[in-house]
Structures are given as structure tokens and as C-alpha cells.
Amino acid sequence: MKSFAYVNAAGEKEAVAALGPERGRFLPLAGGMDLLALMKDYIAQPDRLVNVKGLDRAIARTPDGGLRIGAAVTLTQLAESAEARRMYPAMTDAAAEVGTPQIRNVGTVGGNINQRPRCWYFRNEEFPCLKKGGSTCYAVDGENQYHAIFGDGPCHIVHPSSLAVPSVALNAKFRVVGPTGERVVDAGEYFQMPDRNLFGETVLAPNELLTHVMLPPPGAARTATYEVRFKQSHDWPLAFASVALSMSGDTVRGARVVMGAVAPIPWRSPAAEAALTGKRLTEEAAMTAADAAVQGAKPMTLNSYKVQIARTAVKRAIMKAAGLKTV
Ligand SMILES: Cc1cc2nc3c(=O)[nH]c(=O)nc-3n(C[C@H](O)[C@H](O)[C@H](O)COP(=O)(O)OP(=O)(O)OC[C@H]3O[C@@H](n4cnc5c(N)ncnc54)[C@H](O)[C@@H]3O)c2cc1C
Ligand code: SF4
């Protein structure tokens, strides 16, 4: 690992002051589950690490009846929050499914949402792919079984964060601080496709930090996340879905349907949302929406199996939100 300087920032102002505008030179360090692995593999080689575990570690109600989750809250803390679970099961279920207890005890909300892609070519220093400034995406003609089935490239990663997907489904807002103050970004606008931002995955500037995830009041919404894994293991899901359904009695008034592990960003499906709106929540309605969700998928050479898995994840997430039996 390359040697680096270390700043122990007491709070957000001090942390921002210790970052800088050059991409990759100064990096925030939260639980270190992702960043330290990248540094050991020479994929990240910062000159300075800024410890951001001093950011807000609280989960608190907001005056409007929503919830505000600090970036330094651990995944275990979020998964075990009774209030968060009652209000947003889509979020707490996603947190509870991440990795292993050890990873959840150390990994933070801010670090999870900003973790870097898992593409094995990206993670291997011997492959100078597009995302690292090279001229080739090795996944196109290579081992692409876990890559994207949506999006037109030029990079075909899937977004790795389990919390990103329910954040978009729940219409969360992300509070961001930087040298000129704070801004609030819709979760749906936070993640960026590779054709807009090849070297990063979000709108964050190198000297900005995510400080809070703010969830709107749940109202009468029913929410759920459903993940499909290769087997019962600690690994990332093959595909998953989070849904938020605003209900009027048994009828869906509005829906947000978002798929994970299928595209470089959490992949919202307007077609699935339209298919649900105005319908009663039944297995048939869930199936129709799930079919709509995977229309337009463009699998790569080795991952067409993910289309069926994504369809199943959407159907089961809807049924779970509806309180219908999923298997
Ligand atoms: C075996 C294994 C299985 C896993 N399975 C899953 C899974 O199923 N789902 C899933 O989502 N994850 C999974 N993970 C990833 C793990 O959840 C993340 O690595 C972890 O949550 C990162 O959080 P951290 O606090 O350790 O972040 P760090 O490693 O400290 O940081 C991660 C990145 O975010 C940046 N960062 C940190 N905090 C902030 C901030 N506040 N603002 C801006 N940038 C910031 C850092 O600079 C770094 O680039 C798995 C990991 C392992 C090892
Ligand atoms: S998918 Fe992206 S990160 Fe992976 S090899 Fe292609 S360009 Fe690199």
C-alpha cells in the first residue's frame, strides 16, 4: 500500500477542509471496508485519508415526520432501528442483508452509498480499463456474468450499494456538504451513468461529503426490498428490487419500482410503475409490472440469466410490500 497522510476530522467542516478538488488524492475514510481493500490493491492511491467517522451517527425523526440518517450510522444500527424498520422496511431489510455481521458492524451508510464498483477488471491493477483511464472495457468480450443488463455503457458496471436502491425507491434526499456550503440532492439524481461520469459514480465533487440520507414521511406507503443471491452467502445480490407503493385502500395510487445490480445506477422502471398505478395489489398485477420492468433489458454475452432474476425480484418485492406470500 502506498503511504499516506491521515487526518482525524472532528466534524463535517473539518473533514471538508481536509479534502481537496483533485480526484483521488484526498479520500474520506469511513468504516474502510471498501476503501482499504482498494488501497491494498493499488486501485486507490490517495495522498491523504480523512477520517469521517466523526460525521453524524444518529437516526432521528424530522419535524415533517420523516427520518434523517447520519452518514456515520452503521449498517447494523440502521438494520436494528425499530423506528426505521416500522417506517421504511425497504431500507432496513436492505441494510440487514449486506455482507456479514462484521461488515455491517463497521460499514457506514455514507460508505455504503459511495462504495466503488465491484467489476473484477476495475479491481485488478493489471486491467487498465476505461474507468481507470484506459481505452477498453474488458467486460464487453470478457467475464461479464455479473455486469449490467441495462444501460448503453461505455462502462457496464452494476452499482454495488444495497442502500442506494431503496433510497431511490423511497424518494430520499441526500444532504451534501462542500467547501461552499451544503446542498440537497434527490437520491434519483445522485448516481450518474458512465456516459456522464466515467471516473466516478455520483455527482459528488472530490471535496464534497454525503452527510445525511433524509427519508420523507412514509404516509400510507408500503415498501419492500427483495434480493436474489447465488446462494445463502455473504456476497452481493445477483439482482434485487425495492418498491414503494402509495396506497388508497387496496389500490395503488403511485408506485416507485427500482432494480439493483442490473445497471450502473439504481434502475428505476417507469413502465413497471405505470403498470401498477390504479391497480389492486394482486399476484397478477405484480407479474405484469415485473414483465414491464425487464422490457428493454440488453444482456451481455454471459448474463442473460439476470433478466429472469430481476423480473422475479421485482415481482416478489411488490408481493412482499403487499403482504402477499412470495414463495
Ligand atoms: C464480503 C463482502 C460482502 C458485501 N456485500 C455487500 C452487499 O450485499 N451489499 C452492499 O451494499 N455492500 C456489500 N459490501 C460492501 C460493504 O457494505 C461496503 O464496503 C461498506 O458498506 C462500505 O462502508 P464503509 O463505511 O466501510 O466505507 P469506506 O470503505 O470507508 O468508504 C467507501 C467509499 O465511500 C467513500 N466515502 C465514505 N464515506 C463517505 C461520505 N460520507 N461521503 C462521501 N464519500 C464517502 C470513501 O472515500 C470510499 O470511496 C460487501 C463487502 C464485503 C467485503
Ligand atoms: S465494466 Fe467498467 S469498470 Fe469494468 S472493465 Fe468495463 S469499463 Fe472497467
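The rules behind these values
- Residues numbered from 1 in each chain as written.
- Chains lettered and ligands numbered in written order.
- Predicted model: local features only at pLDDT ≥ 70, side-chain atom pairs only at ≥ 80, totals over all residues.
- Heavy atoms only, no water.
- Helix = DSSP H or I, 4+ residues; strand = E, 2+ residues; numbered from the N terminus.
- Rg over C-alpha atoms; globule rule 2.2 N^0.38 Å.
- Buried < 20%, exposed > 50% of the residue type's maximum accessible area, 1.4 Å probe, protein only.
- Contact = heavy atoms within 4.5 Å.
- Areas by Shrake-Rupley, 256 points an atom, 1.4 Å probe, with all protein chains shown as cover.
- Lys, Arg positive; Asp, Glu negative; His and termini not counted.
- Charge placed at Lys NZ, Arg CZ, Asp CG, Glu CD.
- Pairing = 2+ DSSP bridges.
- Axes fitted to C-alpha atoms, helices over the stretch in contact; angles between N-to-C directions.
- Near = heavy atom within 4 Å.
- Polar contact = N/O pair within 3.5 Å; in protein donor to acceptor, adjacent residues only side chain to side chain.
- Nonpolar A, V, L, I, M, F, W, Y, C, P; charged D, E, K, R; others polar.
- Domains from an automatic or database assignment.
- Phe/Tyr/Trp six-rings, centres within 6.5 Å; stacked < 30°, edge-to-face > 60°.
- Salt bridge = Lys/Arg side-chain N within 4 Å of Asp/Glu carboxyl O.
- Core = buried A, V, L, I, M, F, W, Y, C linked by side-chain atoms within 4.5 Å.

## Observations regarding the overall build of the protein
- Of the regular secondary structure elements, the protein holds 12 helices and 12 strands.
- Over its C-alpha atoms the protein spans a radius of gyration of 19 Å, differing by no more than 12% from the 20 Å that the globule rule assigns to 327 residues.
- Taking the principal axes of its C-alpha atoms as reference, the protein extends roughly 60 × 50 × 35 Å.
- Within the span of the protein, comprising 327 residues, buried residues form 54% of the whole.
- Counting contacts in the protein only where the partners sit at least 6 residues apart, residues at least 24 apart contribute 62% of the total.
- Of the accessible surface of the protein, which amounts to about 14300 Å², a share of 52% is contributed by carbon and sulfur atoms.
- Where the 37 positive side-chain charges of the protein centre and where its 30 negative ones centre are 3 Å apart.

## Re the sheet that holds strand S7 (residues 181-186)
- Ordered by their spatial adjacency, five strands build an open sheet running S4-S5-S8-S6-S7, and the pairing between neighbours is antiparallel. Lying at the two open borders of the sheet, with one neighbouring strand each, are strand S4 (59-61) and S7. Ignoring strand direction, the axes of neighbouring strands in this sheet form an average angle of 25°.
- Where strand S6 (residues 173-178) and S7 come together, six bridges link them in antiparallel fashion. Residue valine 177 lies in a different strand from S7, and its bridge partner there is glutamate 182.

## Considerations on the site of ligand 1
- Not every one of the 32 residues close to ligand 1 is listed here, only the nearest: Pro28, Ala30, Gly32, Thr108 and Ser162.
- For ligand 1, an oxygen atom lies 2.7 Å from a polar atom in the backbone of serine 162.
- Separating a nitrogen atom of ligand 1 from a backbone N or O atom of leucine 210 is a distance of 2.9 Å.
- Contact with the protein chains covers 92% of the free accessible surface of ligand 1, which is 990 Å².
- Within the residue set of the shell around ligand 1, elements represented by two or more residues are strand S2 (26-29), helix H7 (109-113) and strand S8 (209-215).
- Here the shell around ligand 1 takes three residues from H7, the largest share from any one element.
- By residue class, the composition of the shell around ligand 1 is 17 nonpolar, 13 polar and two charged.
- Summarising the domain contributions, the shell around ligand 1 has at least three residues from each of domain 1 (59-114 + 158-215) and domain 2 (221-322).

## Digging into the site of ligand 2
- Taken together, 13 residues lie near ligand 2, and Cys119, Cys129, Cys137, Cys155 and His156 sit nearest.
- Residues belonging to the shell around ligand 2 are distributed by class as follows: 10 nonpolar, two polar and one charged.

## Quick look at the sheet that holds strand S12 (residues 267-268)
- Read across the sheet, four strands follow the order S9-S10-S11-S12 without closing on themselves; strand pairing throughout is antiparallel. The open sheet is flanked by strand S9 (221-228) and S12, the only strands paired with a single partner.
- Examined bridge by bridge, S9 and strand S10 (residues 239-248) share eight bridges and lie antiparallel to one another. Bridged to tyrosine 226 within S10 is alanine 241.
- Helix H5 (residues 89-97) rests against S9 and S10 of the sheet, and its axis sits at about 25° to S9.

## Section: the packing of aromatic side chains
- Enumeration over the complete set of coordinates arrives at eight aromatic pairs.
- A centroid spacing of 5.0 Å and a plane angle of 70° characterise the contact between tyrosine 121 and phenylalanine 127, whose relative ring orientation is edge-to-face.
- Given the relative accessible area of 10%, tyrosine 121 is considered buried.
- Seen from their ring centres, phenylalanine 174 and tyrosine 190 are 4.8 Å apart, and the 80° between their planes marks the pair as edge-to-face. Placement of the pair is phenylalanine 174 in strand S6 and tyrosine 190 in helix H9 (residues 187-190), with a sequence separation of 16 residues. With respect to burial, phenylalanine 174 and tyrosine 190 carry one shared label: buried.
- Put simply, the rings of Tyr121, Phe127 and Tyr138 touch in pairs and so form one group of aromatic residues.

## Notes on the pattern of salt bridges
- All told, the structure shown has 21 salt bridges when counted by the stated rule.
- In this structure, glutamate 22 engages arginine 25 in a salt bridge whose closest nitrogen and oxygen atoms are separated by 3.1 Å.
- A residue is classified by how much of its surface remains accessible, and arginine 25, at 36% relative accessible area, is partly exposed.
- Between aspartate 152 and lysine 298 there is a salt bridge whose closest N-O contact spans 2.5 Å. Taken together, the residues aspartate 152 in the loop between H7 and helix H8 (164-169) and lysine 298 in the loop between helix H11 (283-294) and helix H12 (305-322) connect sequence positions 146 residues apart.
- Classification of lysine 298 as partly exposed rests on a relative accessible area of 48%.
- What you see here is one network of salt bridges that share partners, running through Lys2, Glu22, Arg25 and Asp47.

## Here we look at the nonpolar core
- Ranked by internal contacts, the top residues of the largest apolar core, which has 39 residues, are Leu245, Leu276 and Ile318.
- Taken together, the elements giving at least two residues each to this core come down to S9, S10, strand S11 (251-260), helix H10 (270-276), H11 and H12.
- Element by element, the count of residues in this core is highest for H12, at 10 residues.
- Other than its neighbours up to four places away in sequence, isoleucine 318 contacts Val243, Leu245, Leu276, Leu281, Ala286 and Ala289.
- Counting 38 residues, the second largest nonpolar core, distinct from the first, contains Tyr88, Val109, Ile113 and Ala169.

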